[in-house]
Each structure stands twice: as structure tokens, then as C-alpha cells.
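Observations on chain architecture
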Amino acid sequence: MKKIAVFASGNGSNFQAVVDVVKSGELETEISLLVCDKPGAYAVDRANAAKIPSFIFQAKDYTSKEAYEQAILTELKRYDVDFIVLAGYMRLIGSTLLGAYQGRIVNIHPSLLPAFPGKDAIGQALAAKAMWSGVTIHYVDEGMDTGPIIIQERVRLEENETRDSLQKKIQQIEHKLYPEILQMLLTQGDVINVTKARAN
Ligand code: GAR
């Protein structure tokens with residue numbers, strides 16, 4: 001069974017969704033570690049409640065991205081982690097982790113990429129008065145939300161859409177879609193298999 005590490009910076013509702021499906025047996029993986037760059041983040045409380053070890057760090061305590069990613073890598077090796085799942089981790093992944101986990105890092109983003117990359121995708125969609133937004137799950141490369149797309153699901157913005165209502169709709173999709181795609185990726189392998197599996 002593959003072992004994963006989830007990276008989060010905040011509330012951790014996507015992390016929780018993954019924890020829940022692992023517990024229920026719908027997702028066949030072991031969550032070996034939570035990696036978090038914000039000591040007070042609620043995601044850490046969720047990890048403690050689920051008895052999942054966490055590695056918590058602050059970028060400012062290290063001289064460079066390479067230095068903190070080296071520290072993360074040491075932990076990933078210690079726990080024998082096969083696959084990295086970004087779930088609201090608000091940092092760009094650098095060459096140290098990309099080199100070690102080539103093709104084995106995925107991210108979830110609250111927009112239909114390439115539209116509204118980076119921070120506050122929900123605010124960006126509202127400000128642009130977009131008719132559609134949604135959720136993207138993609139492989140991670142060195143860019144900001146630029147890696148190969150695995151799947152997207154769209155959401156229609158209503159005329160009276162608010163930040164809260166849009167966030168709720170998007171997160172509802174995220175919490176269902178991420179576990180489903182992770183199950184495919186962790187048991188079947190690459191993106192081509194995923195595309196085929198959904199077409200059948
Ligand atoms: C999620 O909506 C995720 O898509 C987004 O952060 C939120 C984290 O929520 N990620 C990004 O914007 C990445 N660029 P959560 O902490 O409750 O899972």
C-alpha cells in the first residue's frame with residue numbers, strides 16, 4: 001500500500017476529507033505524515049486528533065527554500081513516503097522536492113486552471129464576474145499552478161454569488177473529488193489511466 005504525506009497551511013478541510021475516506025476504507029493508502037508551514041494551523045489539530053504525525057516548520061527559520069525542503073525530505077524519507085498530496089499548501093514546491101518526487105506530487109486548486117492561479121482564486125473569480133469557476137487537480141511542476149491537469153469540475157457562479165457561497169460549493173466538490181482521484185492515482189498509476197478510467 002502506498003504511503004502519502006499531505007501538505008497543508010490552513011484549515012485542512014481537504015486533509016480531513018482524505019483522513020475520513022482512509023478511515024472508512026474507501027481510499028487505500030496510509031497517511032504517514034502531515035507537513036505544515038504554519039504552527040497554529042487547524043490542520044495540525046486535525047492531524048493530532050487522527051493520530052497522524054506532523055512535521056511543522058516555519059520558512060523564516062531556514063536560510064533558503066532548499067534548506068527547509070531538505071528538512072522536509074528527511075522526514076518524508078523517515079516515514080517512507082511514496083506520494084505527496086498538496087491540500088491548501090500555500091508555497092511553491094522547489095527543485096529539492098520536485099527532484100525527489102518527480103511525477104508524484106499533486107495539488108488541488110479552487111478554479112478552472114489556467115484561469116485564476118495563485119492565491120485567492122475564489123476572490124479572483126468573483127472580481128472578474130466569471131460565469132464559471134471550479135476545481136482543478138493537477139500534477140505539480142516548478143510553476144505556480146501550471147502542471148499537467150488530471151481532472152477539472154466546473155461550478156456556475158450565480159448573480160448573487162458571495163465568497164462564502166462559492167467557497168462552500170467549491171469545497172463540497174473538492175472533498176469528494178480529491179479522494180476519488182487519489183484512489184485512482186495511488187492504485188492505478190498515471191494520468192492516462194485516470195483519463196481512461198473516467199471515460200469508461
Ligand atoms: C482549498 O480550497 C484549496 O483548493 C486551496 O486552498 C483551500 C484549502 O482549504 N488551494 C489553493 O488555493 C492552492 N493554490 P482547506 O485548508 O480547508 O483544505
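Residues numbered from 1 in each chain as written. Predicted model: local features only at pLDDT ≥ 70, side-chain atom pairs only at ≥ 80, totals over all residues. Heavy atoms only, no water.

Named according to an unreviewed UniProt entry, the chain is Phosphoribosylglycinamide formyltransferase originating from Neobacillus bataviensis. The chain has a UniProt comment under Catalytic activity (unreviewed entry) that states "N(1)-(5-phospho-beta-D-ribosyl)glycinamide + (6R)-10-formyltetrahydrofolate = N(2)-formyl-N(1)-(5-phospho-beta-D-ribosyl)glycinamide + (6S)-5,6,7,8-tetrahydrofolate + H(+)". Within the UniProt record for the chain, the comment given under Pathway (unreviewed entry) is "Purine metabolism; IMP biosynthesis via de novo pathway; N(2)-formyl-N(1)-(5-phospho-D-ribosyl)glycinamide from N(1)-(5-phospho-D-ribosyl)glycinamide (10-formyl THF route): step 1/1." (UniProt positions renumbered as here; feature names shortened; annotations may be inferred.)

1. Overview of the side chain of Gln183
Mapped onto the elements, Gln183 comes out in helix α6 (residues 163-188). When its relative accessible area of 18% is taken as the criterion, Gln183 is described as buried. (Helix = DSSP H or I, 4+ residues; strand = E, 2+ residues; numbered from the N terminus. Buried < 20%, exposed > 50% of the residue type's maximum accessible area, 1.4 Å probe, protein only.)

2. As for the sheet that holds strand β2 (residues 30-36)
If you walk across this open sheet you meet the seven strands as β3-β2-β1-β4-β5-β6-β7, and the pairing is mixed. Every other strand in the sheet has two partners, leaving β3 (54-56) and β7 (149-156) as the edge strands with one partner each. On average, each strand axis in the sheet is inclined to that of its neighbour by 15°, with strand direction left out of account. Inspection of the sheet shows strand β1 (residues 3-8) paired to β2 by six bridges, in the parallel sense. Bridge pairing in β2 places Lys3 opposite Glu30. Across the sheet, helix α1 (residues 13-24) lies against β1, β2 and β5 (105-109), angled at about 165° from β2, the strand it touches most. Sheet strands touched by α6: β1, β4 (83-86), β5, β6 (132-139) and β7. Its angle to β7, the strand with the most contacts, is close to 155°. (Pairing = 2+ DSSP bridges. Axes fitted to C-alpha atoms, helices over the stretch in contact; angles between N-to-C directions. Contact = heavy atoms within 4.5 Å.)

3. Structural notes on the UniProt feature "site: Raises pKa of active site His" (unreviewed entry) in the chain
According to UniProt, the feature "site: Raises pKa of active site His" (unreviewed entry) maps to Asp145 in the numbering used here. Of note, Asp145 is situated in the loop between β6 and β7. Residue Asp145 is classed as buried on the basis of its relative accessible area of 16%.

4. Considerations on the pattern of salt bridges
This model, assessed by the stated rule, comprises seven salt bridges. Among the salt bridges present, the one from Asp37 reaches Lys38, with a minimum N-O distance of 3.6 Å. Since its relative accessible area comes to 3%, Asp37 is described here as buried. Owing to a relative accessible area of 39%, Lys38 belongs among the partly exposed residues under this scheme. The salt bridge involving Asp37 is made with Arg91; its shortest N-O contact spans 2.8 Å. With Asp37 in the loop between β2 and α2 (42-49) and Arg91 in the loop between β4 and α4 (95-100), this residue pair connects regions lying 54 residues apart in the sequence. One connected set of salt bridges, linked through shared partners, spans Asp37, Lys38 and Arg91. (Salt bridge = Lys/Arg side-chain N within 4 Å of Asp/Glu carboxyl O.)

5. Considerations on the site of the ligand
Residues in contact with the ligand amount to 13 residues; listed here are only the nearest, Gly12, Ser13, Asn14, His109 and Glu174. In this structure, an oxygen atom belonging to the ligand sits 3.4 Å away from a side-chain N or O atom of Asn11. In isolation the ligand offers 450 Å² of accessible surface; the protein chains occlude 89% of this area. For the shell around the ligand, the elements supplying multiple residues, two or more each, are α1, β5 and α6. Of the residues in the shell around the ligand, the class split is three nonpolar, eight polar and two charged. (Near = heavy atom within 4 Å. Polar contact = N/O pair within 3.5 Å; in protein donor to acceptor, adjacent residues only side chain to side chain. Areas by Shrake-Rupley, 256 points an atom, 1.4 Å probe, with all protein chains shown as cover. Nonpolar A, V, L, I, M, F, W, Y, C, P; charged D, E, K, R; others polar.)

6. Focus: the UniProt feature "binding site: (6R)-10-formyltetrahydrofolate" (unreviewed entry) in the chain
The UniProt entry lists Lys65, Met90, Arg91, Leu92, Ile93 and Asn107 under the feature "binding site: (6R)-10-formyltetrahydrofolate" (unreviewed entry), expressed in the numbering used here. The buried category is assigned to Ile93, whose relative accessible area is 5%. The contacts of Ile93, once residues within four sequence positions are left out, are Phe7, Glu69, Leu86, Leu98, Ile105 and Val140. Within the fold, Asn107 resides in strand β5. On the accessibility criterion, Asn107 (7% relative accessible area) is buried. Residue contacts for Asn107: discarding those within four places in its chain leaves Leu86, Thr136, Ile137, His138, Val140, Asp145 and Tyr178.

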